[in-house]
Amino acid sequence: MEDVLIVGAGPVGLMLACELSLAGARPIVLEKRPEPSELPRANGLGGQIVELLDHRGLLERFSAGSPFAGRAPGFPFGSVPLRFTGIEDVPLRLLMIQQPRLERLLAERAVELGAEIRRGCQVLSLTQDGEGVTLDLVDRPHGSGRRVRARYVVGCDGGRSLVRKLAGIGFPGTTDPEVLRLGHFAADVSVFESPQLDGLEPGWNRTPHGRLLLTSLQHGVLIAGVREKGEPPDGPVTPEDFGAAVRRVLGRDLPLGEPVWLSSTVSQARLAERYRAGRVFLAGDAAHLFPAGGSALNVGMTDAANLGWKLAATLLGRVPEGLLDTYESERRPVAERALMQTRAQAALDRLEGADGAALRELLTEVFAFEQPLRHLAGLLHDSGVRYGSAPAPPPGSGSGRGSGAEAAHPLVGRFAPDLALADGRRLAELMRAGRPVLLDLGCGAVLDDDWIDVVRAHADDAPADALLIRPDGYVAWAGADGLAEAAERWFGAPTSR
C-alpha cells in the first residue's frame, strides 16, 4: 500500500509532494495530462507562499530570471490600484514566475526529494475503507487500467475535481454571468503607442459593452483580455472568436499581434462543504474557487504546506491521527476570508455606470492612506492569519486544558517573523529541513525528541524567551512556560521541560 496518492500535478499537488517527501513520506502524484502544460494560466505568486519558499531554500532558485521578486510596489484590488510606494515593510510579497516554469521547478524539487510523478493517469473511481483508499485508473502510457491503493488520497485536481465528487463533498457557490477571454500575443510592446489604441490605457478599459484588458509582463508579449456577458465558447478559443469579442466590446479591431495562446474562463466563488471525507482530503482549487485573481495559488500552496507535515507525521506514527482534524479547522477560515475579499474585488470591478465610477473614485482616495493600504496588503498576503486551536490531547496524557490554551502569547498561531539572529542567520534558514524547530533565545529550553531541531541563539528585541515553530512556519508555542504540553499536543514529543 502506498503512503499518499496526490491527484493533480499543478502547483498545489506538486507543492504537497515536496512537503510530504521532505517530511519522510512517499507520495505519488497522478496527473491525467500526458505532458506538463505550457499555458501561462498564472503569471506569478503573491502572498505568504513567497515567504514559505524562502523557508524551504527555494526562493533564490525560483526567482532566478524573474522580472520581479520582493515587496510589492503596488497591486490591483479589483479595478482600484493599490500603490505601496513610500510605505516601509509592506507585508505583501510578490514573485513573478509563469505557471509552466513554476510547475517545472516544483516537479524537479519533488523528484529530487523522492516523490514519483505518473503522467497520463486518469482517475475513474474511488472507494475507501478504514485502512485506505482505492483508485481505479486509466494508465494511458501503459494502455491499460490499473488499481492503486494508498493510506490517504489528496485531491489537487482543480475546480472540477473528480476526487471531490467521488468523495461526496459538495461545492456550493456562485458562477459569474460574464465570460473572460484571455490571450498572450507576440507583439512589440510599443503597440501601446499605436494610433489604433487611442483612448485606451494599460490595464482594464471600460466600455458600455464590457471591459478590455491590455498589459505586458515581459518584453515582446502583450496580454489582452475581453470580459463580457454571455456564455463561454464551445471548444477552444480561436483568433477569430477573440477578435469578434474585441469588436463587440470595443467597437473596432485592435493590432494585437500573433496569438501565442488563447483561453476562456468564467469566474466562480465556491467553497467545499468540508476538506476531508475519511481518508480523502482536498486542497487548492478542488477546495475553493475565488472570483478575482491574486489569491488562488497563495491559498492553495499554503494549504499544501499545512497538510503536508501533518499527513507525513501521522503516517510515520509520530502524532495522533487527531492532528489531521486541524487541517480543515485551520485552512477553511483562510479560504473563507480570501473568498470574502475576492468577492469584494469582483463586485467592485463589475459595478457599472455612475455608481461604479463613484465607488472606485472614493476607494482610490481612501486607499491612498497608509493604514487602509497596510490592511489590504496584509489581507492579500495572508499575514493576518492566526490559527486558534490545537489538536486534542493524546488519550491518557492527563492534559485537561482546552484548545487554544497555549495562545496566551500574541505570536502563537501566527506565521513566525523572520528574526535576524546574532550569529548572522535568519529564522527562515532554520526551516530548510521542514522539521519542527525549538528556537531557544536564552531561557535554556529542552526537548527530548529527535524530530524537533533545537537551535540556541540570540536576537536583538527577541519577541519571546523561546519559540516552538511548526514545519509550515507557524508558531505552536512561545514564552517560558507550557512547552511540554505544546510539544506533546502538536508533535507527540515524549518528554520536555
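Residues numbered from 1 in each chain as written. Predicted model: local features only at pLDDT ≥ 70, side-chain atom pairs only at ≥ 80, totals over all residues. Heavy atoms only, no water.

> Give a description of the sheet that holds strand 12 (residues 173-175) that names residues and reports values.
Two pairing modes exist for strands in a sheet, parallel and antiparallel, and in both the strands are linked by backbone hydrogen bonds. One open sheet holds the 3 strands; their spatial order is 12-18-21, and the pairing between them is antiparallel. The open sheet is flanked by strand 12 and strand 21 (288-289), the only strands paired with a single partner. Contacting strand 12, strand 18 (268-271) and strand 21, helix 8 (residues 325-350) runs over the sheet at an angle of about 160° to strand 18. (Pairing = 2+ DSSP bridges. Helix = DSSP H or I, 4+ residues; strand = E, 2+ residues; numbered from the N terminus. Contact = heavy atoms within 4.5 Å. Axes fitted to C-alpha atoms, helices over the stretch in contact; angles between N-to-C directions.)

> An account of the packing of helix 1 (residues 11-22) against helix 7 (residues 296-315) is requested, with residue identities and associated values reported.
At a minimum axis separation of 8 Å, helix 1 and helix 7 run at an interaxial angle of 30°. Judged on the interaxial angle alone, helix 7 and helix 1 are roughly parallel. Once helix 1 is placed against helix 7, the crossing between them reads as right-handed. On helix 7, the residues touching Pro11, Val12, Met15, Leu16, Glu19 and Leu20 of helix 1 are Leu297, Gly300, Met301, Ala304, Ala305, Leu307, Gly308, Leu311 and Ala312. Of the residues that constitute the contact of helix 1 with helix 7, the class distribution is 12 nonpolar, 2 polar and 1 charged. (Parallel < 35°, antiparallel > 145°, perpendicular 65-115°, else oblique. Left-handed = near helix turned anticlockwise from the far one by under 90°. Nonpolar A, V, L, I, M, F, W, Y, C, P; charged D, E, K, R; others polar.)

> Explain the pattern of salt bridges residue by residue, including any values.
Here the structure, examined in full by the defined rule, presents 37 salt bridges. Ionic pairing is found between Arg181 and Glu228, a salt bridge with its closest N-O pair at 3.0 Å. Placement of the pair is Arg181 in strand 13 (residues 178-186) and Glu228 in strand 16 (residues 221-229), with a sequence separation of 47 residues. Accessibility expressed as a relative area gives 7% for Glu228, which makes it buried. Asp349 serves as the salt-bridge partner of Arg206, at 3.2 Å between the closest nitrogen and oxygen. A residue pair is termed long-range when its members are at least 10 positions apart, and Arg206 in strand 14 (residues 203-207) and Asp349 in helix 8 qualify at 143 residues. Looking at Arg206, the relative accessible area reads 30%, which means it is partly exposed. Owing to a relative accessible area of 11%, Asp349 belongs among the buried residues under this scheme. Put simply, Glu178, Arg206, Arg211, Asp349 and Glu352 are held in one network by salt bridges that share partners. (Salt bridge = Lys/Arg side-chain N within 4 Å of Asp/Glu carboxyl O. Buried < 20%, exposed > 50% of the residue type's maximum accessible area, 1.4 Å probe, protein only.)

> Account for the environment of Leu22, naming residues and giving values.
Within the secondary structure, Leu22 sits in helix 1. For Leu22, a relative accessible area of 23% translates into the label partly exposed. As a C-alpha pair, Leu22 and Ala312 span 290 residues in sequence and 9.0 Å in three-dimensional space. Beyond its immediate chain neighbours, meaning those up to four positions away, Leu22 contacts Arg56, Arg109, Leu113, Arg432, Ala433 and Gly434.

> Break down the pairing of strand 11 (residues 144-155) for me, citing the residues and quoting the values.
The pairing of strand 1 (residues 2-7) with strand 11 spans 5 bridges and is classified as parallel. When the bridges of strand 11 are listed, Val7 appears paired with Gly155. Sheet analysis places strand 10 (residues 133-139) next to strand 11, joined by 7 bridges and oriented antiparallel. By the bridge assignment for strand 11, Asp139 is matched with Ser144. For strand 11 and strand 20 (residues 280-282), the ladder comprises 3 bridges, and the chain directions are parallel. By the bridge assignment, Gly155 is partnered in strand 20 with Leu282.

> Which residues make up the packing of helix 2 (residues 48-55) against helix 7, and what are the values?
Contact pair helix 2 / helix 7: the axes reach a minimum separation of 8 Å and the direction vectors enclose 40°. Regarding the angle of helix 2 to helix 7, the classification is oblique. Residues Gln48, Ile49 and Leu52 of helix 2 pack against Asn298, Met301, Thr302 and Ala305 of helix 7. The residue inventory of the contact of helix 2 with helix 7, partitioned by class, reads 4 nonpolar, 3 polar and no charged.

> Give me the lowdown on helix 1, citing residues and values where you can.
With 12 residues, helix 1 extends 16 Å between its outermost C-alpha atoms, agreeing within 8% with the 16 Å of an ideal straight helix rising 1.5 Å per residue. When we look at burial in helix 1, the residues that qualify are Pro11, Val12, Gly13, Leu14, Met15, Leu16, Ala17, Cys18, Glu19, Leu20 and Ser21. A positive phi of about 105° marks Gly24, the residue just after helix 1. (Expected span 1.5 Å × (residues − 1).)

> Break down the packing of aromatic side chains for me, with residues and values.
According to the stated counting rule, one finds 10 aromatic pairs in the structure shown. Consider the rings of Trp309 and Trp451, whose centres lie 6.5 Å apart with planes at 40°: the pair is tilted. Residue Trp309 is found in helix 7, and its partner Trp451 is found in the loop between strand 23 (447-448) and strand 24 (453-456); the two are separated by 142 residues along the sequence. Here Trp309 and Trp451 have matching classes, each one buried. A connected cluster of aromatic rings, assembled from ring pairs, spans Tyr152, Tyr275, Phe281 and Tyr327. The lysine or arginine in question, Arg279, covers the ring of Tyr152, its NZ or CZ lying 4.9 Å from the ring centre. Positioned over the ring face of Trp490 is Arg470, at 4.7 Å from the centre of the ring. (Phe/Tyr/Trp six-rings, centres within 6.5 Å; stacked < 30°, edge-to-face > 60°. Lys NZ or Arg CZ within 6 Å of the ring centre and 35° of its normal.)

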